[in-house]
Structure formats: structure tokens, C-alpha cells
Amino acid sequence: MTLAHETPLRVRYAETDQMGVVYYANFFVWFEIGRVELMRHLGVEYKQMEQRDDCFIVVAECACRYLRPARYDDLLRVRTRVAEVRSRAIRFEYEIFDDAGQTRLATGHTVHVICDRRGAPKSLPEKYRQLLRGPRSATAAARHRP
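Attention in this report is confined to the structure presented alongside it. (Residues numbered from 1 in each chain as written. Predicted model: local features only at pLDDT ≥ 70, side-chain atom pairs only at ≥ 80, totals over all residues. Heavy atoms only, no water.)

1. Some details on the packing of aromatic side chains
Part 1 of the argument: Counted under the stated rule, the structure contains 6 aromatic pairs.
Part 2 of the argument: Centroid distance Phe-27 to Tyr-66: 5.1 Å. Interplanar angle 80 degrees. Geometry classified as edge-to-face. Here Phe-27, found in helix 1 (residues 26–41), pairs with Tyr-66, found in strand 2 (residues 56–66); they are 39 residues apart in sequence, far enough to count as distant.
Part 3 of the argument: Taking the relative accessible area as the measure of exposure, Tyr-66 reaches 35% and is therefore partly exposed.
Part 4 of the argument: Among the aromatic residues, those joined into a cluster by ring pairs are Phe-27, Trp-30 and Tyr-66. (Phe/Tyr/Trp six-rings, centres within 6.5 Å; stacked < 30°, edge-to-face > 60°. Helix = DSSP H or I, 4+ residues; strand = E, 2+ residues; numbered from the N terminus. Buried < 20%, exposed > 50% of the residue type's maximum accessible area, 1.4 Å probe, protein only.)

2. With respect to a nonpolar patch on the surface
Part 1 of the argument: A cluster of nonpolar side chains, namely Tyr-23, Tyr-24 and Tyr-66, defines an oily patch on the protein surface of about 330 Å² accessible area.
Part 2 of the argument: Within the secondary structure, Tyr-23 is located in the loop between strand 1 (4–10) and helix 1.
Part 3 of the argument: Relative accessible area serves as the criterion here: at 43%, Tyr-23 is assigned to the partly exposed category. (Patch = residues over 30% accessible without salt bridge, like charges linked within 9 Å, V, L, I, M, F, W, Y side chains within 5 Å. Areas by Shrake-Rupley, 256 points an atom, 1.4 Å probe, with all protein chains shown as cover. Salt bridge = Lys/Arg side-chain N within 4 Å of Asp/Glu carboxyl O.)

3. With respect to the pattern of salt bridges
Part 1 of the argument: Tallied over the entire structure, the rule returns 15 salt bridges.
Part 2 of the argument: Among the ionic pairs, Arg-77 bridges to Glu-6, the shortest N-O distance being 3.6 Å. Note that Arg-77 is positioned in strand 3 (residues 75–85) and Glu-6 in strand 1, a separation of 71 residues in sequence.
Part 3 of the argument: Take Arg-77: its relative accessible area is 28%, and that puts it in the partly exposed class.
Part 4 of the argument: For the salt bridge of Asp-73 with Arg-10, the shortest nitrogen-to-oxygen distance reads 3.3 Å. Here Asp-73 is found in the loop between strand 2 and strand 3, whereas its partner Arg-10 is found in strand 1, with 63 residues between them in sequence.
Part 5 of the argument: On the accessibility criterion, Arg-10 (43% relative accessible area) is partly exposed.
Part 6 of the argument: The network of salt bridges with common partners includes Glu-6, Arg-77, Arg-79, Glu-95, Asp-99 and Arg-104.

4. What about the sheet that holds strand 1?
Part 1 of the argument: With antiparallel pairing, 5 strands are arranged side by side in an open sheet as 1-3-4-5-2. Since the sheet does not close on itself, it has two edges, and those belong to strand 1 and strand 2, each with one partner. Sheet twist, expressed as the average angle between the axes of neighbouring strands with direction ignored, equals 25 degrees.
Part 2 of the argument: In the sheet, strand 2 pairs with strand 5 (residues 104–115) via 10 bridges, with the strands oriented antiparallel. Bridging from a neighbouring strand, Tyr-66 pairs with Ala-106 of strand 5.
Part 3 of the argument: Those strands touched by helix 1 are strand 1, strand 2, strand 3, strand 4 (89–98) and strand 5, and its axis lies near 130 degrees from that of strand 2. (Pairing = 2+ DSSP bridges. Axes fitted to C-alpha atoms, helices over the stretch in contact; angles between N-to-C directions. Contact = heavy atoms within 4.5 Å.)

This is how it looks when you write it as C-alpha cells:
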């Protein structure tokens, strides 16, 4: 099962340039909005991960492929999915669509390294790995326990 979530948003005037087109860097902000909402949908809040588990998700890589422009006041959907979960890293993939979900405006990904509050890499706690991998991985892990 692929974990995915859609987050609606509306393009704000401040996110556009003089031509009324969304400034390219705002797509990365929207990726973050999608990622945070996916995590919240799964029952995980970044603030709790940081405070309770000394677990920070640090961006190590990001990319965006721009396919079509977004403009002021457009209604959009950010589709975010967990693409890969490793012991010390998570890869998220993103698609940004028009509100009808018919036209894809951009695709992208981010890779995050798990770190403690000092910035030292650490393993992602198992409870988060299970959530991010989805229900099938939890069932499979339970079957393989000695």
C-alpha cells in the first residue's frame, strides 16, 4: 500500500511574480505543506517527534520538475506520497495538480535524513517506520518476528 494524501490550497497573490505566475520556489513550500499534512493524516506531528523522540527530519535533497504554470487564485491539490522509508532516511514524492485533478503542474521529491537535535544522524524510531510504510509492512514485520 502506498501512503498518499492530497492537500488543497489556493495560490495567494504574494506567491506570484509580476506576470501573475507562481514564483518557482513556492512549489517547495507547497511540498512542505503536503508533507506535514500527510504526516498529520497518519497521526504524526513534527513537533511531537522533535520534543518526545529527539527526531528531526532534515532535508538532504530536493527537486522539482515544472510542467505548467500556476497563477494567482488558482485552486490546487498537492498529492504527497511516501516513496521510500529506510532506517535513517525518508523519500517523499509530490505532484501538484489543478483542483479538478486533471492537469499536472509539477512533480518533485525530497529526501530527508533523520537527525537528533544536534544534527547527528540517527535511526528513525520503529513506530514511525511502521506508520510510514503502511499497514502491510506492519503485518509483514509481525509475521517475521522470532
